[in-house]
Amino acid sequence: MFQPSLRVLLTEQQIQTRIRELGAQIEADYPEGPIYLIGILKGACFFLADLARVLHRQARIDFIGVSSYGKGKTSSGEVKLTKDLDVSVEGAHVLVVEDIVDSGVTLTYLMHVLEQRKPRTLKIATLLDKPERRIKPVTVSYVGFQIPDEFVVGYGLDYAEDYRNLRDICVLDPAP
Ligand code: PRP
């Protein structure tokens, strides 16, 4: 029977400290005015909520949903939109907020979709980055932490929909 154990990789405090740093960097980089934070469902919801609250400006939020086929098994790059934005982002400063960039397939697809909405600027912020796993190159402007190729859960990240509400980010190790 699969009885996983959790090993803390990033504590709640490390995560929150890093988000404040990213917020300061974003504040410095963008001209005055609102930013549209676009969260990718579902994993990015906690990061988006915390990032929005460290910004000292109008941070408008919306969500977009995608599902990928053959994830982890193939590199087909087939992705489909499961939930579109509720708003137009034409002319807006759009910052896509992701929990983790792995193969890069999801973001490659999404950036293509969002570019067609004619935002004024379009950048990506991710809390976690696993560069070793990259199949498709993506330009990520804000990275919280680069992590090794281990299976991580917590702070929005799941294993079969569990563990998303952990406050720390943990490595899920199968029990010996
Ligand atoms: C995860 C994560 C990213 C994507 C990254 O989402 O939230 O959106 O995978 O993988 P990629 O770089 O290989 O495309 P997932 O499909 O697990 O959905 P979830 O956010 O609802 O858990």
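The structure contained in this document is the topic of the report that follows.

Quick notes on the rules
Residues numbered from 1 in each chain as written. Predicted model: local features only at pLDDT ≥ 70, side-chain atom pairs only at ≥ 80, totals over all residues. Heavy atoms only, no water. Helix = DSSP H or I, 4+ residues; strand = E, 2+ residues; numbered from the N terminus. Rg over C-alpha atoms; globule rule 2.2 N^0.38 Å. Buried < 20%, exposed > 50% of the residue type's maximum accessible area, 1.4 Å probe, protein only. Pairing = 2+ DSSP bridges. Axes fitted to C-alpha atoms, helices over the stretch in contact; angles between N-to-C directions. Contact = heavy atoms within 4.5 Å. Parallel < 35°, antiparallel > 145°, perpendicular 65-115°, else oblique. Left-handed = near helix turned anticlockwise from the far one by under 90°. Salt bridge = Lys/Arg side-chain N within 4 Å of Asp/Glu carboxyl O.

## So, the overall build of the protein
Consideration 1: Across its full length, the protein holds three helices and nine strands.
Consideration 2: Computed over C-alpha atoms, the radius of gyration of the protein comes to 16 Å, within 12% of the 16 Å expected from 2.2 N^0.38 for 176 residues, which places it in the range of a compact globule.
Consideration 3: Projecting the C-alpha coordinates of the protein onto the three principal axes gives extents of approximately 55 × 35 × 25 Å.
Consideration 4: For the protein, the proportion of its 176 residues judged to be buried stands at 43%.

## What about the sheet that holds strand β7 (residues 142-146)?
Consideration 1: Spatially, the six strands line up as an open sheet ordered β4-β3-β2-β5-β6-β7, and their pairing is mixed. This sheet does not close on itself; its edge strands, each paired only once, are β4 (79-83) and β7. Strand-to-strand twist in this sheet, taken as the mean axis angle between neighbours without regard to direction, amounts to 30°.
Consideration 2: Note that strand β5 (residues 93-101) and strand β6 (residues 121-129) share eight bridges and pair parallel. Residue pairing in the sheet places Val94 in a bridge with Leu122 of β6.
Consideration 3: Its contacts with the sheet put helix α1 (residues 12-29) on β2 (35-41), β5, β6 and β7, and the angle it makes with β7 is roughly 155°.

## Quick look at the packing of α1 against helix α2 (residues 45-54)
Consideration 1: In contact at an axis separation of 9 Å, α1 and α2 are set at 55° when each is read in the N-to-C sense. What the angle tells us is that α1 and α2 run oblique. Of the two elements, α1 crosses α2, and the hand of that crossing is right-handed. Contacts between α1 and α2 involve Gln16, Ile19, Arg20, Leu22, Gly23 and Ile26 from the former and Phe47, Asp50, Leu51 and Val54 from the latter.

## Let's talk about the side chain of Asp50
Consideration 1: With respect to the secondary-structure elements, Asp50 resides in helix α2.
Consideration 2: Taking relative accessible area as the criterion, Asp50 reaches 14% and is therefore assigned buried.
Consideration 3: Look past the residues within four positions of Asp50 in its chain and what remains in contact with it is Gln16, Ile19 and Tyr155.

## Concerning the pattern of salt bridges
Consideration 1: Across all of its chains, the model carries 16 salt bridges by this definition.
Consideration 2: Across the pair Asp173 and Arg7 runs a salt bridge whose closest N-O atoms are separated by 2.9 Å. Separated by 166 residues along the polypeptide, Asp173 in strand β9 (residues 169-173) and Arg7 in strand β1 (residues 5-10) bring together distant segments of the chain.
Consideration 3: The exposure class assigned to Arg7 is partly exposed, which follows from its relative accessible area of 36%.
Consideration 4: We note a salt bridge from Glu27 to Arg57, for which the minimum N-O separation is 3.2 Å. With Glu27 in helix α1 and Arg57 in the loop between α2 and β3 (59-68), this pair connects stretches of sequence that are 30 residues apart.
Consideration 5: Salt bridges linked by common partners bring Lys42, Asp158, Glu161 and Arg164 together as one network.

The values reported here are purely geometric and, on their own, carry no functional implication.
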